[in-house]
Number of protein chains: 2
Amino acid sequence: MASLGDLERSVMTLLWDSGQPLSANEVCEQLDDDLAVTTVLTVLARLEKKGMVQRERSSRPHRYAAMATREEHTVEMLNEVLGTAPDREAVLARFIGGVSDSEAASLRRILG
Amino acid sequence: MASLGDLERSVMTLLWDSGQPLSANEVCEQLDDDLAVTTVLTVLARLEKKGMVQRERSSRPHRYAAMATREEHTVEMLNEVLGTAPDREAVLARFIGGVSDSEAASLRRILG
DNA sequence: AGCATCTTCTACGCCGTGTAGAAAATTACG
DNA sequence: CGTAATTTTCTACACGGCGTAGAAGATGCT
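Residues numbered from 1 in each chain as written. Chains lettered and ligands numbered in written order. Predicted model: local features only at pLDDT ≥ 70, side-chain atom pairs only at ≥ 80, totals over all residues. Heavy atoms only, no water.

Participant: Go over the interface of chain B and chain A, please, and point to the residues and values.
Facilitator: Each partner contributes residues to the interface: chain B has 33 residues there, and chain A has 33 residues. Of the roughly 3,400 Å² buried at the junction of chain B and chain A (both faces included), carbon and sulfur atoms supply 70%. Ranking the residues of chain B by area buried against chain A places E71, F95 and L111 of chain B at the top, with a combined share of 20%. Linking chain B with chain A are six salt bridges. Between E72 of chain B and R94 of chain A there is a salt bridge whose closest N-O contact spans 3.9 Å. Summed over the shared surface of chain B and chain A, the result is 10 residue pairs in polar contact (both at pLDDT 80 or more). Among the secondary structure elements, those contributing two or more residues to the side of chain B that touches chain A are α4 (70-83), α5 (88-97) and α6 (101-111) of chain B. A total of 10 residues in the side of chain B that touches chain A trace back to one element, the largest contributor, which is α4 of chain B. For the side of chain B that touches chain A, the residue count by class is 18 nonpolar, five polar and 10 charged. (Contact = heavy atoms within 4.5 Å. Buried area = accessible area lost by both parts, 1.4 Å probe. Salt bridge = Lys/Arg side-chain N within 4 Å of Asp/Glu carboxyl O. Polar contact = N/O pair within 3.5 Å; in protein donor to acceptor, adjacent residues only side chain to side chain. Helix = DSSP H or I, 4+ residues; strand = E, 2+ residues; numbered from the N terminus. Nonpolar A, V, L, I, M, F, W, Y, C, P; charged D, E, K, R; others polar.)

Participant: Could you give an account of the relation of the copies chain B and chain A, with specific residues and numbers?
Facilitator: In the superposition of chain B on chain A (RMSD 0.1 Å, axial shift 0.0 Å), the rotation amounts to 180°. Interpreted geometrically, this transformation is the action of a two-fold axis. When each C-alpha of chain B is compared by its distance to the rotation axis, L78 of chain B comes out closest, at 3.0 Å. (Least-squares fit on C-alpha atoms with pLDDT ≥ 70 in both.)

Participant: Go over the sheet that holds strand β1 (residues 22-23) of chain A with me, naming the residues and quoting the values.
Facilitator: All names here are of chain A. Spatial strand order, β1-β3-β2: three strands in an open sheet with antiparallel pairing. Two strands lie at the open edges of the sheet, namely β1 and β2 (53-56), each paired on one side alone. Sheet topology note: the β2/strand β3 (residues 63-66) ladder contains four bridges and is antiparallel. For E56, the partnering residue across the bridge sits in β3 and is R63. (Pairing = 2+ DSSP bridges.)

Participant: Give a detailed account of the protein's contact with DNA strand D, specifying residues and quantitative values.
Facilitator: Taken together, 22 residues form the shell around DNA strand D, and within it N25, R55 and H62 of chain A together with D6 and L7 of chain B come nearest. Among all atoms of DNA strand D positioned within 4 Å of the protein, those belonging to sugar or phosphate total 62%. Here a base nitrogen of DNA strand D sits 3.4 Å away from a polar atom, N or O, in the side chain of T38 of chain B. Within the contact set of DNA strand D, a base nitrogen lies 2.8 Å away from a side-chain nitrogen or oxygen of R46 of chain B. Residue classes in the surface near DNA strand D are distributed as five nonpolar, eight polar and nine charged. (Near = heavy atom within 4 Å.)

Pasting the structure below:
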């Protein structure tokens, strides 16, 4: 339960890229599409409900920040997918077998 | 584009577990829930459209088989998720850092 | 031809998502 | 303080995916 729609993903990307919390207006401006602020607010509220963003209600304009880094989130997704497989090791093997050489080297280093 | 609904997943699981092609009726019987055969047929048709199952139209009851093994499918999903990240290596590092010891060992063997 | 089986077509309801207006709440400024 | 500007909430609509299945059409058996 953390899959994202297109707009939701765009918003998360903004929040991830800008390390700091953003207001709905700032998000709105920085988006390529020309959307109503209410649209962005709706999306932000939904993302908050999903536990993807944290809202600072104290300051006026509320500020929104990503709960997890993009990395953390991607790793969560990976684990979620892996969780659907009964044969984890086999999947991992196949998966790792398919990564690029440089990535493989990097993994070898990590696995020590 | 290969995410599955609950029923779709159940059906795929059946097809994956039974190595051989199954008819709609067989799928229907082997499902826990007591569904109408037309329901199963609809789902199978949708899975076919998604490229998840192959239908043998030659034989009457049509027979349906999974296009990819569950492993292959899971790996596809993993790559899809990984594709959404700009920092692949960082994600991989973190991801691999979190697997169990036995899995890590298995990976070392594969990369070795 | 008649009957049983199987498939297609069509459809309904629900929920997630993109989209935003109307109205309410808060803040800013003269 | 009162009015205008900003911000947030509430409500809503449309569209597509998915679970669900009946009615009708196609195919095959006897």
